[in-house]
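What follows is each chain in one-letter form.
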Amino acid sequence: MATRYDEPNRAARAANAVIRWLAEMGVSIAGTRALRVRGRKSGKPRAVVINLLTVDGVDYLVSPRGNTQWARNVRAAGVVETGPRWRRRRARVSEVADAAKPELLRRYLDRWYWQVKEYVAGLTPDSTEEQFRAAAPTIPVFALAEADAIR
């Protein structure tokens, strides 16, 4: 995994905090969801707002900013919770192989390019297959499995 990480500025962090609060209250803005994951160092629950991509009935987490803190926590924990506070869904996560990412990234950008265009490794919805393959190692993508699958 490449270590690209486009850290959000103060304004982006403030906006994300508001949108996360709304998502935790059950208000989704353009497909946003609240994500909770155990911190890899502290062990404490960490919350962020994400765009949940669904393709062929499978939900995916995409970290367009790269190897973010939440992506590292997800990788370490292997389990996440998504959704509002009163209806969280627990899911097991597995990282998607780089070879499978281009189509998922294209679909993600088709839906949320307007929101992530500043920090998605220079990709656009019209990028070539080669450009998507080149950027794939720098953008973590995780597939979610149903809670019943957690043992």
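First, a word on what this report is: a plain description of the structure on this page. As the structure is a computational prediction, the values presented were derived from the model and not from experiment. (Residues numbered from 1 in each chain as written. Predicted model: local features only at pLDDT ≥ 70, side-chain atom pairs only at ≥ 80, totals over all residues. Heavy atoms only, no water.)

## Regarding the layout of surface pockets
Left-over empty space is what a probe sized like a water molecule reveals as it rolls over the atoms. Considered as a void within the structure, the largest pocket measures approximately 840 Å³ in volume. Along its surface, the largest pocket is lined by 32 residues, and P8, N16, V48, V49 and W70 are the ones closest to its centre. Secondary-structure elements contributing two or more residues to the lining of the largest pocket are α1 (10-24), β2 (45-55), α2 (69-77) and α3 (101-116). Its residues placed into classes, the lining of the largest pocket shows 15 nonpolar, 10 polar and 7 charged. (1 Å grid on protein atoms, 1.4 Å probe; cavity = no way out; pocket = protein on both sides within 12 Å on 5 of 7 lines; lining within 4 Å. Points joined across faces, edges and corners; volume = space filled by probe spheres on them. Helix = DSSP H or I, 4+ residues; strand = E, 2+ residues; numbered from the N terminus. Nonpolar A, V, L, I, M, F, W, Y, C, P; charged D, E, K, R; others polar.)

## Examining the pairing of strand β3 (residues 58-62)
Burial analysis of β3 places 4 of its 5 residues in the buried class, the great majority of the element. In terms of strand pairing, β2 meets β3 through 4 bridges, oriented antiparallel. Bridge assignment links L53 to a residue of β3, and that residue is Y60. As consecutive antiparallel partners, β2 and β3 are separated by 2 residues, and within that stretch D56 has a phi angle of approximately 50°, a positive value. In terms of strand pairing, β3 meets strand β6 (residues 141-145) through 3 bridges, oriented antiparallel. The residue bridging V62 from the neighbouring strand is V141, located in β6. (Buried < 20%, exposed > 50% of the residue type's maximum accessible area, 1.4 Å probe, protein only. Pairing = 2+ DSSP bridges.)

Read these as spatial facts, not as claims about activity.
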